[in-house]
Amino acid sequence: MKKILIIDANNDFRVIFCKIIDQFKNNIKVFESSSNMGGLEVFKQEHPDIVFLDINLNDIEGDKMQHKIKVCYPDCKIIMLTPFKSAGFDRWYKTDEIEEFIDRDNLAENLMPLISKYL
């Protein structure tokens, strides 16, 4: 079974995210966290294949969250959740540790193709 972790402070968004994935039921287990700290704990226990990470969460000081994930599990794919589509996110935030950015506005049509690409 493949595993996905979504780390996002907005509970309603996490519910919608899970409902989209549940529609497809492609042998995927989804784990959730509302904070980076909680997400890191879930990550260490579950070792998900993909982490969807809210770009706006700031509750871990020091190294960025994506670096902490890659140190623990280098093969994990990290996809950053952004509030809207912007080339600026790629320019300012893109590192070798982040596979892609996905904007919330187009989540419904882009989520499953993105998951299929990385699972």
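Values in this document were obtained by computation on a predicted structure and should not be read as measured data.

Here the focus is the side chain of aspartate 8. Within the element layout of this structure, aspartate 8 appears in the loop between strand S1 (2-7) and helix H1 (11-24). Polar side-chain contacts of aspartate 8 include one of 2.4 Å to the side chain of arginine 104. Apart from residues lying up to four places away in sequence, aspartate 8 is in contact with Phe13, Arg14, Ser33, Ser34, Asp54, Leu57, Leu81 and Arg104.

Before going further, it helps to spend a moment on the sheet that holds strand S5 (residues 100-103). The five strands are arranged S2-S1-S3-S4-S5 in an open sheet whose pairing can be described as parallel. With one partner strand each, in any of the chains shown, strand S2 (28-33) and S5 form the two edges of the open sheet. Strand after strand, the sheet turns through a mean of 25° between neighbouring axes, direction not considered. Pairing of strand S3 (residues 50-54) with strand S4 (residues 77-82) involves five bridges; the strand directions are parallel. Directly across from aspartate 54, in S4, lies its bridge partner leucine 81. Packed on one face of the sheet, helix H3 (residues 65-72) meets S1, S3 and S4 and runs near 165° to S4.

All chains considered together, the criterion is met by six salt bridges. Its salt-bridge partner being aspartate 8, residue arginine 104 comes within 2.4 Å of it at the nearest N-O pair. One end of the pair, arginine 104, is in the loop between S5 and helix H5 (107-118); the other, aspartate 8, is in the loop between S1 and H1, with 96 residues separating them in the sequence. Exposure remark for arginine 104: the relative accessible area of 24% places this residue in the partly exposed category. For aspartate 8, a relative accessible area of 0% puts it in the buried group. Here lysine 70 ties to glutamate 99 by a salt bridge, and the two come within 3.8 Å at their closest N and O atoms. Pair noted here: lysine 70 is in helix H3 and glutamate 99 is in the loop between helix H4 (87-93) and S5, with a separation of 29 residues, a long-range link.

What counts as what
Residues numbered from 1 in each chain as written. Predicted model: local features only at pLDDT ≥ 70, side-chain atom pairs only at ≥ 80, totals over all residues. Heavy atoms only, no water. Helix = DSSP H or I, 4+ residues; strand = E, 2+ residues; numbered from the N terminus. Polar contact = N/O pair within 3.5 Å; in protein donor to acceptor, adjacent residues only side chain to side chain. Contact = heavy atoms within 4.5 Å. Pairing = 2+ DSSP bridges. Axes fitted to C-alpha atoms, helices over the stretch in contact; angles between N-to-C directions. Salt bridge = Lys/Arg side-chain N within 4 Å of Asp/Glu carboxyl O. Buried < 20%, exposed > 50% of the residue type's maximum accessible area, 1.4 Å probe, protein only.

Honestly, that's just the spatial picture; any functional story needs more than this.
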